[in-house]
Amino acid sequence: MNVLFEEDGAFKTGTIVADHDSSLQVDTSTGKRIKLKAAHVLLRFEQPAPDELLAQAESEMAGIDTEFLWEVAPEGEFDFAEMATEYVGHTPNPVEAAAVLLKLHAAPIYFHRKGKGRFRRAPPEILQAALAGLEKKRQQALAIERMVEELKAGQLPAEFAPLLPELLYKPDRNKPETKALEAACAATHETAERLLFRCGAIPDTHDYHLGRFLFEHFRSGTGFPPYAPAVAPADLPTAPVRAFSIDDAHTTEIDDAFSVEQKPDGGMRVGIHIAAPGLGFGPDADLGKIARQRLSTVYMPGNKITMLPEDVINAHTLAAGQDVPALSLYLDIAPDLRILAHETRIEHVPVAANLRHHDIEPKFNAETLAAGTVPEFEFRDELVRLWELATVLEAGRGKAGQQNRKDYTFRIDWEVETPQGPGRVTIEERPRGSPLDTLVAELMIVANTTWGALLRDAKLPGMYRAQTAGKARMTTVATPHEGLGVDCYAWSTSPLRRFADLVNQWQLIALLRNEKPPYPPKSAELMAVLRDFELTYASYAEFQRQMEHYWCLRWLLQEEVNEVTAQVLKENIVRCETLPLILRASGMLTLERGTRVRLAIADVDLLAAEAKATFVELLGPAPEAVEEEEGEG
């Protein structure tokens with residue numbers, strides 16, 4: 001006697017070796033002997049042979065119409081053998097019975113399983129919904145197949161257009177478009193971005209890289225929501241000064257300016273004037289919430305995304321000819337350039353001039369200062385005096401002469417069309433540590449440390465930049481910044497473009513006015529702001545580095561450069577000497593950090609933002625050590 005039974009979701013056959021009523025010993029068709037519960041036997045049969053039953057039943061089931069089987073099935077629960085009798089119109093033979101069993105089992109949409117060999121007909125409404133789902137899947141499979149073929153042929157499917165950002169930057173693997181893209185990539189051995197580029201979905205590589213950042217941080221766009229305007233502070237005194245700022249030509253968010261009042265004894269009163277948007281709105285105002293969400297201005301070559309709306313910036317920027325609300329730090333300086341006292345005021349500041357680096361540096365630089373030949377220009381004498389003060393301040397921090405890195409200015413002429421896309425790039429090298437740089441940096445450090453100490457002494461929290469054991473971080477507690485050589489450093493001098501500075505400005509304004517601070521001690525909200533700011537600011541800075549890297553590659557193609565000189569950072573990682581470009585070079589020798597080498601450049605890929613760099617020759621040790629340091633502003 002042979003048996004048909006179900007095991008692990010599959011139908012199997014075997015020959016009974018021993019029958020113990022409640023259990024059987026069965027030799028399966030594979031030659032394995034098993035113990036089988038009698039209740040698990042679905043069918044006992046003499047003929048055909050066990051290994052032939054299922055093959056014949058599968059052939060027989062092909063002729064059974066599933067829909068007809070569903071129509072003649074009883075309403076209640078039934079056994080497959082009963083259904084087989086009803087279907088064939090007589091007592092079924094083993095093959096006929098097994099064929100009906102296989103058909104019922106193979107149609108779970110039509111027949112719901114209720115036990116071994118037992119089924120129930122699916123209700124009509126459930127069946128129709130399931131069939132509709134099947135048809136949808138079938139149509140989707142056809143659509144996917146069509147989209148795959150279009151992609152392979154270099155054509156962009158119509159369905160892709162509204163989903164391009166998602167497909168490029170964060171694909172949803174449940175969507176048919178993503179499934180089609182993945183299948184096409186597998187067939188063509190291309191990355192998704194490379195395949196979409198070939199299909200014309202990425203017309204501009206610059207926009208592709210910018211789009212990734214916008215998709216992550218500005219999903220709803222870079223525009224501003226409606227907001228209540230800033231309130232102009234009333235009854236502020238006007239400072240009796242002629243302030244001037246020092247910035248590059250493209251700076252519009254002018255946060256800081258200076259003034260100098262010479263004293264008869266050879267001393268002076270120096271004013272450090274910081275734009276004060278914090279007087280026009282608070283953290284809970286519309287503009288405060290916008291700044292809280294953005295946390296910083298985003299910088300990139302040729303463009304920026306401001307933290308605050310343009311009209312708010314224009315109302316508070318320290319532009320020439322404006323009387324602007326400001327938070328001013330006044331330093332009383334002795335003739336020997338010691339700081340005797342300081343005072344902080346809330347006031348209007350008349351801005352007389354915006355000095356620009358490209359105008360001033362040819363006249364005011366290390367060479368003309370050393371030779372005493374600085375030519376005449378407006379505010380020359382004030383700049384000389386501030387430079388003298390800055391050198392003393394720098395030496396007082398123990399940091400004199402330590403600047404040896406380079407800065408680079410990227411200028412993009414978007415009106416020029418190039419083979420690489422819109423925009424011709426110019427990259428200008430500017431050594432860090434020029435007299436103007438040092439002058440501004442030292443006065444900013446004085447303001448940030450003085451105001452940080454003011455908050456600390458008042459036992460008010462702020463947003464401090466700290467550095468210990470070489471690791472920089474944000475903290476709400478006044479902590480030393482070892483890299484700058486100061487006891488505390490609270491970012492306070494860039495409130496138009498950095499939320500940390502705006503927070504500290506709100507805290508300072510409350511302190512000076514003897515008002516309740518927006519962020520009291522142990523403020524949970526301030527801790528949340530700090531965490532969000534630190535992560536977001538780092539992300540924005542990384543994006544700026546990525547876009548500078550991209551434009552360096554654009555410059556190599558634009559200028560048809562095929563060789564560069566570089567300095568070794570570590571192993572096969574090098575930094576170009578005339579560009580802020582770090583590359584991984586192949587064929588490198590094992591060289592000391594700072595060693596100068598010549599590299600061949602090839603295969604610049606703007607989509608992947610990569611270039612192939614190959615070691616050519618050794619040029620010798622670096623003229624100066626390659627330094628890595630964190631910039632603070």
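Note that the structure is predicted; figures quoted are calculated from it, not measured.

Chemist: Got a minute to help me understand the confidence of the model for the protein in this structure?
Modeler: Atom-level detail of predicted coordinates should not be read off regions where pLDDT is low. Here the protein averages 92 in pLDDT, while 97% of its residues score no lower than 70. Under a pLDDT of 50 for its full length, residues 625-631 has, in the predicted model, 21 contacts with residues more than four places off or in other chains.

Chemist: Looking at this structure, I do not really get the pairing of strand β2 (residues 10-19). What am I missing?
Modeler: The side chains of a regular strand alternate between the sheet's two faces. For strand β1 (residues 2-7) and β2, the ladder comprises 6 bridges, and the chain directions are antiparallel. From the neighbouring strand, L4 faces β2, where its bridge partner is T13. Between β1 and β2, which follow one another and run antiparallel, lie 2 residues, and D8 among them has a positive phi close to 55 degrees. Linkage of β2 to strand β3 (residues 23-28), two consecutive antiparallel strands, is achieved through a turn of 3 residues, within which D21 is found at a positive phi near 65 degrees.

Chemist: Before we go on, may I ask you to explain the nonpolar core in this structure?
Modeler: One broad rule of soluble globular proteins: the nonpolar side chains tend to lie buried together. By size, the foremost hydrophobic cluster in this structure holds 45 residues, and its most contacted members are F244, F258, V270, I272, L383 and L443. If you list the elements that add at least two residues to this core, you get β9 (243-247), β10 (256-262), β11 (268-275), β14 (323-333), β15 (339-356), α14 (380-396), α15 (435-457) and α16 (499-512). The greatest single-element share of this core, amounting to 10 residues, is contributed by α15. With near-sequence residues (within four places) excluded, L383 lies in contact with F244, I246, L355, I360, F364, F377, L436 and L439.

Chemist: For this particular structure, what's the right way to read the pattern of salt bridges?
Modeler: Pairing is possible between side chains that carry opposite charge, provided their charged atoms lie close to one another. Applying the stated rule across the entire model yields 35 salt bridges. The salt bridge partner of K12 is E7, with a shortest N-O separation of 2.7 Å. Classification of K12 as partly exposed rests on a relative accessible area of 30%. The partner of K304 in a salt bridge is E253, with the nearest N and O atoms 3.3 Å apart. One end of the pair, K304, is in strand β13 (residues 303-305); the other, E253, is in the loop between β9 and β10, and 51 residues separate them in sequence. Take K304: its relative accessible area is 25%, and that puts it in the partly exposed class. Look at the salt bridges and you will find they share partners, linking K263, R269, D332, E343 and R345 into a network.

Chemist: Even after reading the chapter, I still don't get the packing of aromatic side chains, so can you show me in this structure?
Modeler: Geometrically, a pair of aromatic rings is defined through the distance of the ring centres and the angle of the planes. Overall, the coordinates contain 17 aromatic pairs when judged by the stated rule. Each ring, one from F213 and one from Y540, has its centre 5.7 Å from the other, and the planes form 70 degrees; the classification is edge-to-face. One end of the pair, F213, is in helix α9 (residues 205-217); the other, Y540, is in helix α17 (residues 524-558), with 327 residues separating them in the sequence. Of the two residues, F213 and Y540, neither departs from the other in class, the shared state being buried. For the ring pair W491 and F533, a centre distance of 6.1 Å and an interplane angle of 80 degrees mean the geometry is edge-to-face. Here F533 lies in helix α17 and W491 lies in the loop between β19 (471-475) and α16, a separation of 42 residues in the sequence. Put simply, the rings of F213, F218, Y540 and F543 pair up and form one aromatic cluster. Sitting over the ring of W70, R121 keeps its end group 4.3 Å from the ring centre. Positioned above the aromatic ring of Y330, the side-chain terminus of R345 is 5.4 Å from the ring centre.

What counts as what
- In every chain, residue numbers begin from 1 and rise along the written sequence.
- Per-residue local features are limited, in this predicted model, to residues with pLDDT of at least 70; the limit for side-chain atom pairs, both in listing and counting, is 80 or more; totals at the level of whole chains, interfaces and linings are taken over all residues.
- Side-chain measures here rest on the full set of heavy atoms in the structure, leaving out hydrogens and waters.
- Every residue carries a pLDDT, the predictor's confidence in it, which falls somewhere between 0 and 100.
- Pairs of residues are marked as contacts when any of their non-hydrogen atoms sit within 4.5 Å.
- In this scheme, strands are said to pair when DSSP sees at least two bridges between them.
- A run of H or I in DSSP becomes a helix once it reaches four residues, and a run of E becomes a strand once it reaches two; helices and strands are each numbered from the N terminus.
- By nonpolar core we mean a set of buried residues, namely Ala, Val, Leu, Ile, Met, Phe, Trp, Tyr and Cys, connected to one another through side-chain atoms within 4.5 Å.
- Exposure classes here rest on a 1.4 Å probe applied to the protein chains alone. A residue is buried below 20% of its type maximum, exposed above 50%, and partly exposed in between.
- A pair is scored as a salt bridge if a Lys or Arg side-chain nitrogen falls within 4 Å of a carboxyl oxygen belonging to Asp or Glu.
- Ring pairs shown here join Phe, Tyr and Trp side chains whose ring centres sit within 6.5 Å, with only the six-membered ring taken for Trp; geometry is labelled stacked below 30 degrees between planes, edge-to-face above 60, and tilted in between.
- The rule for a charge over a ring is simple: NZ of Lys or CZ of Arg within 6 Å of the ring centre, and within 35 degrees of the ring normal.

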